[in-house]
Amino acid sequence: MKSLLVFENQAKECIENSFHPLGYALVEYLPLSWSHIQSGMQEPGFSFNTGAFHSMMEEATNSIEGGALKARKGALSIREISFQRLLCDFYALCNEDRRFYTETNFIMVMEINGFHIPKFKYRAFDTFTKQEVSTVCMIPQNLYNVRDLLSDIKESPYIFAREYQYETEEEYYIAVALELARQGHLVKRCEHCGRWFVTEKKTDEKYCKRESPTYTGKTCQQAMRLIKDAQRINDDPLKRAKAAARSRAHSQENHNHIGIVEQCKTFIRECDKEYKSGRLTKEDYVLRLNNAFRRKTQ
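Residues numbered from 1 in each chain as written. Predicted model: local features only at pLDDT ≥ 70, side-chain atom pairs only at ≥ 80, totals over all residues. Heavy atoms only, no water.

Caption draft 1: Fine view of the nonpolar core. Core analysis: the largest hydrophobic core is formed by 45 residues, its most contacted members being Leu4, Leu26, Leu87, Tyr91, Met110, Leu180 and Val187. Broken down by secondary-structure element, the contributors of at least two residues to this core are strand S1 (2-7), helix H1 (26-39), helix H3 (78-96), helix H4 (103-112), strand S4 (120-126), strand S5 (158-166), helix H6 (169-183) and strand S7 (196-198). It is H6 that provides the largest number of residues to this core, a total of 9 residues. Leucine 180 has contacts with Leu22, Gly23, Leu26, Tyr91, Tyr101, His185, Val187 and Val198, leaving out every residue within four places of it along the chain. Core analysis: the next-biggest nonpolar cluster, separate from the first, contains 15 residues, Ala241, Val261, Cys264 and Val286 among them. (Core = buried A, V, L, I, M, F, W, Y, C linked by side-chain atoms within 4.5 Å. Buried < 20%, exposed > 50% of the residue type's maximum accessible area, 1.4 Å probe, protein only. Helix = DSSP H or I, 4+ residues; strand = E, 2+ residues; numbered from the N terminus. Contact = heavy atoms within 4.5 Å.)

Listed below in structure tokens is the structure:
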């Protein structure tokens with residue numbers, strides 16, 4: 001029997017005194033699960049929808065029948081395949097409709113499909129010493145958010161944590177997914193690299209903070225900012241002309257033309273004033289930039 005410790009409003013998990021970001025193992029488990037689904041004969045798809053909970057049992061049965069084919073092709077059991085498919089479908093649906101992403105819906109989906117929700121108990125730690133405090137642990141185990149419901153301990157100097165007891169990998173991932181839903185962190189795919197990640201603040205995050213596969217030394221978030229900036233410059237002839245003029249100035253400064261970069265900045269600043277006042281048209285501004293800071297030919 002192992003224990004998973006998750007602190008109140010902290011996206012961290014603790015297993016055997018080792019701390020990790022909450023969901024760090026789940027984001028590696030999901031692509032593996034997806035590859036198992038794709039390796040089967042049955043096409044992957046949603047096992048349920050938000051408006052038809054009554055049909056979930058019938059559709060779950062179909063998933064299990066399809067899972068038997070997958071299980072025969074590998075070492076996984078029918079239950080493992082069914083759980084992996086259900087988890088992938090749940091996150092796919094939540095990414096389609098964020099209103100569905102609640103801890104209540106997650107519990108309902110798991111229980112209807114026959115998967116056990118691990119029990120938890122509260123543990124309290126002193127905010128300053130970080131030592132466990134046993135005198136305040138008389139908290140009902142079925143109480144979920146102590147800070148919302150127990151007014152007498154709201155101002156207390158304690159950090160509360162939920163401890164889940166689990167025996168199987170399935171129970172561990174259910175507990176982690178439940179905590180992620182409770183804290184509002186969605187599991188989704190990065191639109192830049194395609195890998196799964198846990199959102200940090202809001203569920204509308206699009207890019208992860210792993211290293212970009214195309215920009216060395218940049219995260220996916222940083223890489224996409226560079227890509228979008230480059231796209232904006234390429235789409236606007238004025239921005240494109242400014243970038244080209246700055247590039248020529250930097251190139252000449254590198255060839256001992258000291259001070260030309262500052263001249264370029266002053267030139268663009270003065271032209272901007274004329275352009276914003278209406279004395280200079282966009283076409284003339286672009287023409288000035290295209291003719292500026294070019295090397296003189298002999």
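After that view of the structure, there is still more to cover.
Caption draft 2: Examining the pairing of strand S3 (residues 18-21) more closely. Pairing of strand S2 (residues 12-15) with S3, which is carried by 4 bridges, proceeds in the antiparallel orientation. Within S3, the residue paired with cysteine 14 across the bridge is phenylalanine 19. Hairpin connection, S2 to S3: the antiparallel pair is bridged by 2 residues, and glutamate 16 has positive phi, about 55°. (Pairing = 2+ DSSP bridges.)

Caption draft 3: Structural view of the packing of H3 against H6. Look at H3 against H6: their axes get within 12 Å of each other, and the N-to-C directions meet at 10°. The angle between the axes of H3 and H6 places the two elements in the roughly parallel class. As H3 packs across H6, the resulting crossing turns out to be left-handed. Of the residues in H6, those touching H3 at Arg79, Phe83 and Tyr91 are Glu170, Tyr173, Ile174, Ala177 and Leu180. (Axes fitted to C-alpha atoms, helices over the stretch in contact; angles between N-to-C directions. Parallel < 35°, antiparallel > 145°, perpendicular 65-115°, else oblique. Left-handed = near helix turned anticlockwise from the far one by under 90°.)

Caption draft 4: Here's a closer look at the packing of aromatic side chains. As enumerated under the stated definition, the model contains 17 aromatic pairs in all. When the ring of phenylalanine 267 is compared with that of phenylalanine 293, the centres are 5.6 Å apart and the planes differ by 85°; the resulting orientation is edge-to-face. Of this pair, phenylalanine 267 sits in helix H9 (residues 260-277) while phenylalanine 293 sits in the segment after helix H10 (282-291), placing them 26 residues apart in sequence. (Phe/Tyr/Trp six-rings, centres within 6.5 Å; stacked < 30°, edge-to-face > 60°.)

Caption draft 5: Summary view of H9. Here H9 spans 26 Å end to end across 18 residues, near enough to the 26 Å set by a 1.5 Å rise per residue. Those residues of H9 lying buried are Ile260, Val261, Cys264, Ile268, Cys271 and Asp272. Down the axis of H9, the buried side of the element spans an arc of 120°, and every buried residue falls inside it. The elements touched by buried residues of H9 are helix H8 (237-254) and H10. Following H9 by one or two positions, glycine 278 adopts a phi angle in the positive range, close to 90°. (Expected span 1.5 Å × (residues − 1). Arc of directions from axis to C-beta.)

Caption draft 6: Here's a closer look at the pattern of salt bridges. If you walk through the whole model with that rule in mind, you get 12 salt bridges. In this structure, aspartate 236 and lysine 282 form a salt bridge, with 3.4 Å as the shortest nitrogen-oxygen distance. Here aspartate 236 is found in the loop between helix H7 (220-235) and H8, whereas its partner lysine 282 is found in helix H10, with 46 residues between them in sequence. Between lysine 242 and aspartate 272 there is a salt bridge, and its shortest N-O distance comes to 3.0 Å. In this pair, lysine 242 is assigned in helix H8 and aspartate 272 in helix H9, connecting sequence segments 30 residues apart. Take lysine 242 and aspartate 272: they sit in the same class, and that class is buried. (Salt bridge = Lys/Arg side-chain N within 4 Å of Asp/Glu carboxyl O.)

Caption draft 7: Expanded view of the packing of H4 against H6. Running from N to C, H4 and H6 cross one another at 155°; their axes reach a closest spacing of 8 Å. With respect to each other, H4 and H6 are oriented roughly antiparallel. Between H4 and H6, the contacting residues are Glu103, Phe106, Ile107 and Met110 on the first element and Ile174, Ala177, Leu178, Ala181 and Arg182 on the second. Its residues assigned to classes, the contact of H4 with H6 shows 7 nonpolar, no polar and 2 charged. (Nonpolar A, V, L, I, M, F, W, Y, C, P; charged D, E, K, R; others polar.)

Caption draft 8: Local environment of the sheet that holds S1. Read from one edge to the other, the open sheet built from 5 strands follows the order S3-S2-S1-S5-S4, with strand pairing classed as antiparallel. Among the strands making up the open sheet, the edge pair consists of S3 and S4. The average angle at which neighbouring strand axes cross in this sheet is 30°, direction not considered. Each of S1, S2 and S5 is contacted by H6, which is oriented at about 150° to S5, the strand it contacts most.

Caption draft 9: Spatial organisation of the side chain of histidine 192. If you trace the backbone, histidine 192 turns up in the loop between strand S6 (187-189) and S7. One polar contact links histidine 192 to threonine 214, side chain to side chain, over a distance of 3.4 Å. When near neighbours in sequence (up to four residues on either side) are disregarded, histidine 192 contacts Tyr207, Ser212, Pro213, Thr214, Cys220, Ala223, Met224 and Ile227. (Polar contact = N/O pair within 3.5 Å; in protein donor to acceptor, adjacent residues only side chain to side chain.)

Caption draft 10: Expanded view of the confidence of the model for the chain. Looking at the chain as a whole, its pLDDT mean stands at 77, while 76% of the residues score no less than 70. Taken together, the stretch residues 41-73 has pLDDT below 50 and engages in 56 contacts with residues farther than four places along the chain or on a different chain. (pLDDT = per-residue confidence, 0-100.)

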